[in-house]
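# Structural overview for review
These are the residues of each chain, in order.
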Amino acid sequence: MQNACLYAVLAFSLFSLPICAAGLGGLNDEYVPPPPVKPRPQVVERVVEKPVKDPAAERRAQAAEAEIARLKAELDKANRLTDPASACLKNGAWQAACGFAAYAGGPVFRVVGGDLRFMMGTAKGADSMADDYEGPQRQVSFRRRFALAETEVTVAQYLVCVKDGGCKEPEWREAGSEEHYQTGGNAYYRDINVDQPDSPITGVSLHDARAYVAWLSRKTRQVYTLPTEAQWEYAARGGRTGRWYFGDDESQLRDHAWYDANSGDKLHPVGSTRLNTHPWGLKDMAGNASEWVEDCRHDNYTNSPANGDKAWEGANDGDCSWHVVRGGSWREGAWGSRAASRLWVSTDRRDWLPFSERGNSVSFRPIRMLP
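Residues numbered from 1 in each chain as written. Predicted model: local features only at pLDDT ≥ 70, side-chain atom pairs only at ≥ 80, totals over all residues. Heavy atoms only, no water.

### Brief notes about the sheet that holds strand β10 (residues 319–326)
Spatially, 4 strands are ordered β11-β10-β9-β12 in an open sheet, and the strand pairing comes out mixed. Where the open sheet ends on each side, the last strands, each with one partner, are β11 (342–346) and β12 (362–363). Sheet analysis places strand β9 (residues 290–297) next to β12, joined by 2 bridges and oriented parallel. Residue pairing for β12: S290 is matched across the bridge by V362. Each of β9 and β10 is contacted by helix α4 (residues 206–220), which is oriented at about 105° to β9, the strand it contacts most. (Pairing = 2+ DSSP bridges. Helix = DSSP H or I, 4+ residues; strand = E, 2+ residues; numbered from the N terminus. Contact = heavy atoms within 4.5 Å. Axes fitted to C-alpha atoms, helices over the stretch in contact; angles between N-to-C directions.)

Right, dumping it as structure tokens:
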């Protein structure tokens, strides 16, 4: 009986409570359900497989690298053996005054020494022989060592190029020409030893000189060019600062150069002066024949480049219808043979002798940049 009463009380209590369903009103109208729980991302661990060493493959790779190194060493050795200049490389340094022939019987080149920088030109008032176009004096430097031909290219050496089809005949050998040294009506080349095998080649234009160095490059598989004006003067000075490599005394010039005072109005064999005392073994850097360089005409050195490895072309009022020649010749006075002296010659026409395109006193000597 007691249990029946207890059940009745519980049922009454339950059914007398307020209904709390949403939207039906009651004590829980402002109830906000909790936000849904976001699932945690699953972390997937990447398994990186370590490479398995293959000793045989490693040995093959090492052997291939060793073979490449061996072949490279053999190629370098072969290049040194075939490059005549390598005889002048000792303990990683180029030996100043050391000579090598471009090819058997070809021009001999001398390694130019010094620290590859110098004061180019003539300081104002420093030399009574100087002209304004030799200044203002300024420092020029070079980035690479080079070798310069010991002498001007000789007639015999140039005619090898002609025979090989790389060069045109010098003006004095052109068949039917008025300038022909034997049959022409013009005596411009006659009686000056222009045809002697050991005379410096003359009667060649700047274009002819460029053709020769291009041919020489093909023949030897080395790069030869004409020197820049700065390279030429640096070499001519021989590391010294006087008018000539031997000093300032004009009375000594007769022993070192062929010029108007002793040449007898003719060319002479290259390297035939009584004395040849240039410190780097170069000859005829003064007199005998003037020499083409790559620079265009400029009336002075104002705004000239400080890098002597590159020719000064048309920038800053340059005139490339004229190019600079250096060194003086058999027909000029002592002033023209000085290291700083500069003249220019027409590259387009033959209208003002001796400053013409192909003159009887203008030659050239090649240069080679060393590795």
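### Here's the deal with the side chain of E171
Tracing the backbone shows E171 in the loop between α3 (155–163) and α4. Accessibility expressed as a relative area gives 7% for E171, which makes it buried. Side chain to side chain, E171 and Y189 meet in a polar contact 2.6 Å long. (Buried < 20%, exposed > 50% of the residue type's maximum accessible area, 1.4 Å probe, protein only. Polar contact = N/O pair within 3.5 Å; in protein donor to acceptor, adjacent residues only side chain to side chain.)

### Things to note about the environment of N193
If you trace the backbone, N193 turns up in the loop between α3 and α4. Other than its neighbours up to four places away in sequence, N193 contacts S199, K266 and L267.

### Here we look at the packing of aromatic side chains
How two aromatic rings sit relative to each other is set out by the distance from centre to centre and by the angle between their planes. Scanning the model with the defined rule gives 17 aromatic pairs in all. Both rings, one in F100 and one in F109, keep their centres 5.9 Å apart while their planes meet at 20°; by these two values the pair is stacked. F109 carries the same exposure label as F100, and that label is buried. Judged by centre distance (5.4 Å) and plane angle (65°), the rings of F118 and Y234 are edge-to-face. Of the two residues, F118 is situated in strand β5 (residues 117–120) and Y234 in helix α5 (residues 229–237); the sequence distance between them amounts to 116 residues. Neither F118 nor Y234 differs from the other in exposure class; each is buried. Members of the aromatic cluster, each reached through a chain of ring pairs, are Y103, Y158, Y212, W215 and F364. The ring centre of Y301 lies 4.2 Å from the NZ or CZ of R138, which sits over that ring. (Phe/Tyr/Trp six-rings, centres within 6.5 Å; stacked < 30°, edge-to-face > 60°. Lys NZ or Arg CZ within 6 Å of the ring centre and 35° of its normal.)

### What about the confidence of the model for the protein?
When pLDDT is averaged along the protein, the result is 88; 82% of the residues meet or exceed 70. Note on residues 1–27: pLDDT is under 50 here. Beyond four places in sequence and across chains, it has 3 contacts. (pLDDT = per-residue confidence, 0-100.)

### Re the packing of α3 against α4
With their axes 10 Å apart at the nearest point, α3 and α4 run at an angle of 75° to one another. By the angle class used here, α3 and α4 are roughly perpendicular. When α3 is examined against α4, the residues Q157, Y158, V160 and C161 are found in contact with a partner set consisting of D208, Y212 and W215. Among the residues forming the contact of α3 with α4, the class breakdown is 5 nonpolar, 1 polar and 1 charged. (Parallel < 35°, antiparallel > 145°, perpendicular 65-115°, else oblique. Nonpolar A, V, L, I, M, F, W, Y, C, P; charged D, E, K, R; others polar.)

### Notes on α4
Helix length check: α4, at 15 residues, gives a terminal C-alpha distance of 21 Å against a target of 21 Å (1.5 Å per residue), a fit within 8%. Among the residues making up α4, those that are buried are L206, D208, A209, Y212, V213, W215, L216, S217 and T220. Contact partners of the buried residues in α4: β4 (108–111), α3, β8 (224–225), β9 and β10. The N-cap residue of α4 is S205: its side-chain oxygen and the backbone nitrogen of H207 are 3.2 Å apart. Immediately downstream of α4, the backbone of R221 shows phi near 60°, a positive value. (Expected span 1.5 Å × (residues − 1).)

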